[in-house]
Amino acid sequence: MDVDADIEPGVCPPARNQLFLTFFLSRYGRVKTVALSDLLIAAAAGIGTGALAYCAALEAASAVRLALSITSGIATFAAVARKLASDHARQHATLTLARGLLNANRDCLKVLGRDGNMLRVSEYGAALMEAESPEQLAGADWLGFWQGDDRSAAETALATALSGTSASFTGSCQTTKGRTKWWDSTLAPVRDANGEVIALLCASEDVTRQTELLTTLREKSELMGEMESHVRLVFYSYSADLTTCLYVSTGVEQVFGITPSMLAQNSSVWLELVHPDDSERLRAEMRRIVEEASDGRCEYRIRRPDGCIRWIRSTAYPVRDEAGNVARVVGVSEDITVEQERLVALDRLAYTDGLTGLANRTALVQRIKALCRQNVAFGLMFIDLDRFKVLNDTLGHTVADRLLKDIGKVIHEALPPAACVARLGGDEFAVIVSGESDKASLATLAQSLLNMFSNEVRTNHAAPFVTASIGISLFPEHGRDHEALLTSADIAMYAAKKAGRNGFQFADKAASDVLEDFELERSLPAALASNQFALHFQGIHEPASLAMKSVEALVRWNHPTRGMVGPASFIPILEESGFIVEVGAWVMDAALAQLASWRAAGRKGLCVSVNVSARQLKDDSIVAVVDRALRKHQLPPRCLEIELTESALMDDPTLAQQTLMSLKRLGVRIAIDDFGTGYSSLRYLADFSPDTVKIDRSFTAKLLRDEATVSIVRGIIQISHQLGMKVTAEGVETNAQLDILRDAHCDYVQGFFLTKPMAADQLVDASRSIVMRQSESAVPSLSVDGT
Ligand code: C2E
Ligand code: CA
Ligand code: CA
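Quick look at the structure, then. (Residues numbered from 1 in each chain as written. Chains lettered and ligands numbered in written order. Predicted model: local features only at pLDDT ≥ 70, side-chain atom pairs only at ≥ 80, totals over all residues. Heavy atoms only, no water.)

Okay, the coordination of the calcium ion (ligand 2) next. Protein-derived ligands of the calcium ion (ligand 2) are E552 (OE), N611 (OD1), E643 (OE) and D673 (OD), with the metal-ligand distances lying across 2.0 to 2.4 Å. In primary sequence terms, the donor set of the calcium ion (ligand 2) follows E-x58-N-x31-E-x29-D. Taken as a pair, the calcium ion (ligand 2) and the calcium ion (ligand 3) show a spacing of 4.0 Å, with D673 coordinating each metal. Taken together, the positions of E552 in strand 17 (residues 548-559) and N611 in strand 19 (residues 607-611) put the pair 59 residues apart, joining distant regions of the chain. Using a relative accessible area of 4% as the deciding quantity, one classes E552 as buried. (Donors = N, O, S within 2.8 Å, 3.2 Å for Na, K, Ca; no water. Helix = DSSP H or I, 4+ residues; strand = E, 2+ residues; numbered from the N terminus. Buried < 20%, exposed > 50% of the residue type's maximum accessible area, 1.4 Å probe, protein only.)

We now examine the packing of aromatic side chains. Applying the stated criterion across every chain yields a total of 13 aromatic pairs. Aromatic side chains Y236 and Y238 sit 5.8 Å apart centroid to centroid with 80° between the ring planes, which places their arrangement in the edge-to-face category. The same class applies to Y236 and to Y238, which are both buried. Residues W557 and F570 carry aromatic rings whose centres are separated by 5.5 Å and whose planes lie at 80° to one another, so their mutual orientation is edge-to-face. Here the residue W557 occupies a position in strand 17, and F570 occupies one in helix 20 (residues 567-577), the gap between them amounting to 13 residues. Like W557, the residue F570 is buried in the burial classification. Geometry around Y124 places R106 over its ring, the cationic atom sitting 4.0 Å from the centre. The ring of F506 carries the charged tip of K439 above its face, separated from the ring centre by 5.4 Å. (Phe/Tyr/Trp six-rings, centres within 6.5 Å; stacked < 30°, edge-to-face > 60°. Lys NZ or Arg CZ within 6 Å of the ring centre and 35° of its normal.)

Listed as protein donors to the calcium ion (ligand 3) are D673 (OD), D674 (OD), E730 (OE) and E730 (OE); their distances from the metal cover 2.1 to 2.5 Å. Counting along the primary sequence, the residues that act as donors to the calcium ion (ligand 3) give the motif D-D-x55-E. You can call E730 buried: its relative accessible area is 9%.

Here we come to the pattern of salt bridges. In total, this model carries 31 salt bridges according to the counting rule given. Across the pair R179 and E130 runs a salt bridge whose closest N-O atoms are separated by 3.5 Å. Placement of R179 in the loop between strand 3 (167-174) and strand 4 (180-191) and of E130 in the loop between helix 6 (123-128) and helix 7 (134-137) is noted, with a sequence separation of 49 residues between them. Accessibility expressed as a relative area gives 21% for E130, which makes it partly exposed. Notably, a salt bridge pairs D386 with K497, separated by 2.9 Å at the nearest N-O pair. Within this pair, whereas D386 is found in the loop between strand 11 (378-385) and helix 15 (388-395), its partner K497 is found in helix 18 (residues 482-498), the two being separated by 111 residues in sequence. With relative accessibility at 2%, the residue D386 sits in the buried group. (Salt bridge = Lys/Arg side-chain N within 4 Å of Asp/Glu carboxyl O.)

Attention now goes to unusual backbone geometry. F475 connects to P476 through a cis peptide bond whose omega is 5°. Along the chain, the position of P476 falls in the loop between strand 14 (468-475) and helix 18. Positive phi, close to 60°, is recorded for L546, a residue that is not glycine. Mapped onto the elements of the fold, L546 is located in the loop between strand 16 (533-541) and strand 17. Judged by relative accessible area, which is 3%, L546 ranks as buried.

With that settled, consider the packing of helix 15 against helix 16 (residues 397-414). In contact at an axis separation of 6 Å, helix 15 and helix 16 are set at 130° when each is read in the N-to-C sense. Comparing the axis directions of helix 15 and helix 16 gives the class oblique. Where helix 15 abuts helix 16, its residues F388, L391, N392 and L395 lie against H397, V399, A400, L403 and L404. (Axes fitted to C-alpha atoms, helices over the stretch in contact; angles between N-to-C directions. Parallel < 35°, antiparallel > 145°, perpendicular 65-115°, else oblique. Contact = heavy atoms within 4.5 Å.)

Taken N-terminus to C-terminus, the directions of helix 21 (residues 580-600) and helix 23 (residues 621-632) make an angle of 25°; their axes are 9 Å apart at the nearest point. Judged on the interaxial angle alone, helix 23 and helix 21 are roughly parallel. Every pair of crossing elements has a handedness; the one defined by helix 21 and helix 23 is right-handed. Residues V581, A585, M588, D589 and L592 of helix 21 touch helix 23, and the partners they reach there are S621, V625, V626, A629, L630 and K632. Considered class by class, the residues forming the contact of helix 21 with helix 23 number eight nonpolar, one polar and two charged. (Left-handed = near helix turned anticlockwise from the far one by under 90°. Nonpolar A, V, L, I, M, F, W, Y, C, P; charged D, E, K, R; others polar.)

With that settled, consider the environment of L704. Within the secondary structure, L704 is located in the loop between helix 27 (697-702) and helix 28 (707-722). Sequence separation between L704 and A736 is 32 residues, and the spatial gap between their C-alpha atoms is 7.6 Å. Apart from the residues within four sequence positions on either side, L704 is in contact with T734, A736, Q737 and I740.

What follows covers the sheet that holds strand 2 (residues 118-121). Here we have five strands laid out as an open sheet, ordered 2-1-5-4-3, and antiparallel in their pairing. On the outer flanks of this sheet lie strand 2 and strand 3, each paired with one strand and no other. Within the sheet, the average angular offset between the axes of one strand and its neighbour, ignoring direction, is 30°. Against the sheet, helix 8 (residues 148-162) contacts strand 1 (108-113), strand 3, strand 4 and strand 5 (197-206), and its axis sits at roughly 140° relative to strand 3. The sheet strands contacting helix 9 (residues 208-230) are strand 4 and strand 5, and the helix crosses strand 4 at an angle near 135°. (Pairing = 2+ DSSP bridges.)

Moving on, we come to helix 15. Listing the buried residues of helix 15 in full gives F388, L391 and N392. Along the axis of helix 15, the buried residues cluster in a sector spanning 100°; they form a single face. Of the exposed residues in helix 15, the ones pointing more than 90 degrees away from its buried face are K389, D393 and T394. With its phi angle positive at about 90°, G396 sits one or two positions after the end of helix 15. (Arc of directions from axis to C-beta.)

This part is about the layout of surface pockets. Unoccupied space between atoms shows up once a probe the size of one water molecule is rolled over them. Estimates place the volume of the largest pocket at around 980 Å³. Of all the secondary-structure elements, those providing two or more residues to the lining of the largest pocket are strand 17, helix 20, helix 21, strand 19, helix 22 (614-618), strand 20 (640-645), helix 24 (646-651) and strand 21 (669-675). Of the residues in the lining of the largest pocket, the class split is 17 nonpolar, 10 polar and 10 charged. (1 Å grid on protein atoms, 1.4 Å probe; cavity = no way out; pocket = protein on both sides within 12 Å on 5 of 7 lines; lining within 4 Å. Points joined across faces, edges and corners; volume = space filled by probe spheres on them.)

Attention now goes to the site of ligand 1. Around ligand 1, the surrounding shell holds 22 residues, and the nearest of these are Q538, D673, R697, E733 and F752. A distance of 2.8 Å is found between a nitrogen atom of ligand 1 and a side-chain nitrogen or oxygen belonging to Q538. The fraction of the free accessible surface of ligand 1 (800 Å²) that becomes covered by protein chains is 82%. Here ligand 1 occupies the largest pocket. When residues of the shell around ligand 1 are traced back to their parent elements, those giving at least two are strand 17, helix 20 and strand 21. Top contributing element to the shell around ligand 1 by residue count: strand 17, with four residues. For the shell around ligand 1, the class distribution of residues is eight nonpolar, six polar and eight charged. (Near = heavy atom within 4 Å. Polar contact = N/O pair within 3.5 Å; in protein donor to acceptor, adjacent residues only side chain to side chain. Areas by Shrake-Rupley, 256 points an atom, 1.4 Å probe, with all protein chains shown as cover. Sits in = over half its atoms within 2 Å of the grid points.)

Here it is as structure tokens:
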């Protein structure tokens, strides 16, 4: 390039931007005669394109202003230039000024010829284009950089500028290294003195960073928009006092059925949709969030403008500014109707009986608790089908299930609509009757239920029998809480069963007795372990001498809170629970231990009677238990008599027979207890061939009043003797009874008249006193024991 020639020697080598100007001047000078001033003006105009670009960005009307600005720029510079033109030094100063201005510009500045070729590119511009030097770009076709739509925009801008009007456009082109950059370009025409456009100044601002940022932002916002429009979520931002809606996502349309613009107009329009029952709760939570400036959450119902009810969960988080003050509250609201419906369904499951669809025990208990809290009178019925197990076994489970369903229906229909019917499991139902719940109306209701069972259910199912037993308890009479009421009703039902089934009973004294039984049953397991059982002994005497031949061991329970409890209260419980086997083994051992001790003390011929119940007899351990106890206490088997009731023997005659034979083989004696109260079959007497028959005390009691009883007793004694058995009469309470028994040749007598059951140590003294009394009445041959 020959540009250096125009530079004055001694002046520092000019910078490239300066060269750009000189090159431009010289080149243009050669092509066309252009006044120096014009060229300088053109350069100055180029330097000013930053400002021009700004002006060009304004709308079309501003083209006038642009033109004015160019013109005024030109005019000012022209005046300066004219002054300098005469003087080379001045020209140099001009160049320095131009260089400074050029360097200050951060755009890619170019001078384009009318043909669109780049005559010159500013140094900074070349750097922006990643060119080695401005020269690398010089002469290149400016339009060639653009492609596609950008190319069209560039062509339009070029044509516009050539026609004399500045034009701008935004587009991307590649740098010399192939990197895509975004540019905001403005093209301004450069005119000669005649006003002809001789060149164009193009200033391109590199807006790649902004564009990329914008693109990223737009993409993010699109993504958010997509997400917001697809999920049933509302994102919102409210003022710190929750009164003004700052932002709400489009999801509000789906969730609340209102538009963001409705919220923009009225920030609390959504509150008007909230269900009246939930409104106060929600508002209280909102007040708390504002007051405490803390996170919050609330679940509530809304009625959407389309009328449907939805469940909403809203969460809120206060956002603080740098000073720590709450700047706004942001949060999310979501539609949780499906979740809520699932919860309700689960709830329903938890409180419903699967088979009948009635309430279950949990629901019943909840209802009772609620009524107790309200303190209103109500009745509770416990309904248990009679012999349902038999029905279940004979009908099969499927039919039995259907039967239960129908029974549930029958109960439901028979009761007032407000009554709560529950199935507690198996064949147990329960009913709460509030309102008319006095005894008389409950009794009527219970009876009508029983009638319906035996009529309707039976006909519908061709079932042999459907009867039920009903127990009824009343609030507050029979309990003030659900436990007491349920237990009382249950016990009353149990009493109804005991009274012959197919009936109802109110909770009462009898029921509370049963309750006591239950309590006893509960404390049974601990009783044996902590030595609460004891034995009392009652003498069995010879009627003539009154000598005590034997003693009967009678078990007692020394209950920690209830004192001495008689066997009638707990033997049935022991039998039912199977505990009798263990307790019986203890009795056997304790009785034989006592006998061994007495015999060791001198009462050589004394024997002992031990009661064994049906349940014990069925247990295979009985023979071993007896054998072990006899050996342990080194007693001859003949001194032990086992008392069995007729019913115990008849429970399972074959098994009883076998066990009896085994016991007999041991050498133990057998007595039939309470003879006359059960089957009283002489046939069985012969079959079991006991050693002793104990005539029940009910016969003894009638001896004086009833001649027939005397005959029966005499008959029993005679036949027993013929069969080789001894006879003991129980329950002798008077001397007169004793006389009759003596007269009838009864072998032994037992009763309060002789000795009462008592502790072992007291019995010795008692039996002595009998002997004393007897000796006073001058009966011969007395002895204290049977020796
Ligand atoms: P049981 O075998 O008939 O026993 C006699 C019962 O009659 C005893 O009642 C006794 O106190 C009572 N008694 C005796 N003399 C008279 C009298 O002159 N008048 C009246 N009214 N009663 C009299 P206890 O002790 O209450 O025993 C009741 C029942 O408990 C016994 O009837 C027996 O079946 C059963 N039992 C007692 N101890 C045991 C035991 O260790 N094992 C088993 N399995 N049952 C036992
Ligand atoms: Ca007995
Ligand atoms: Ca008896």
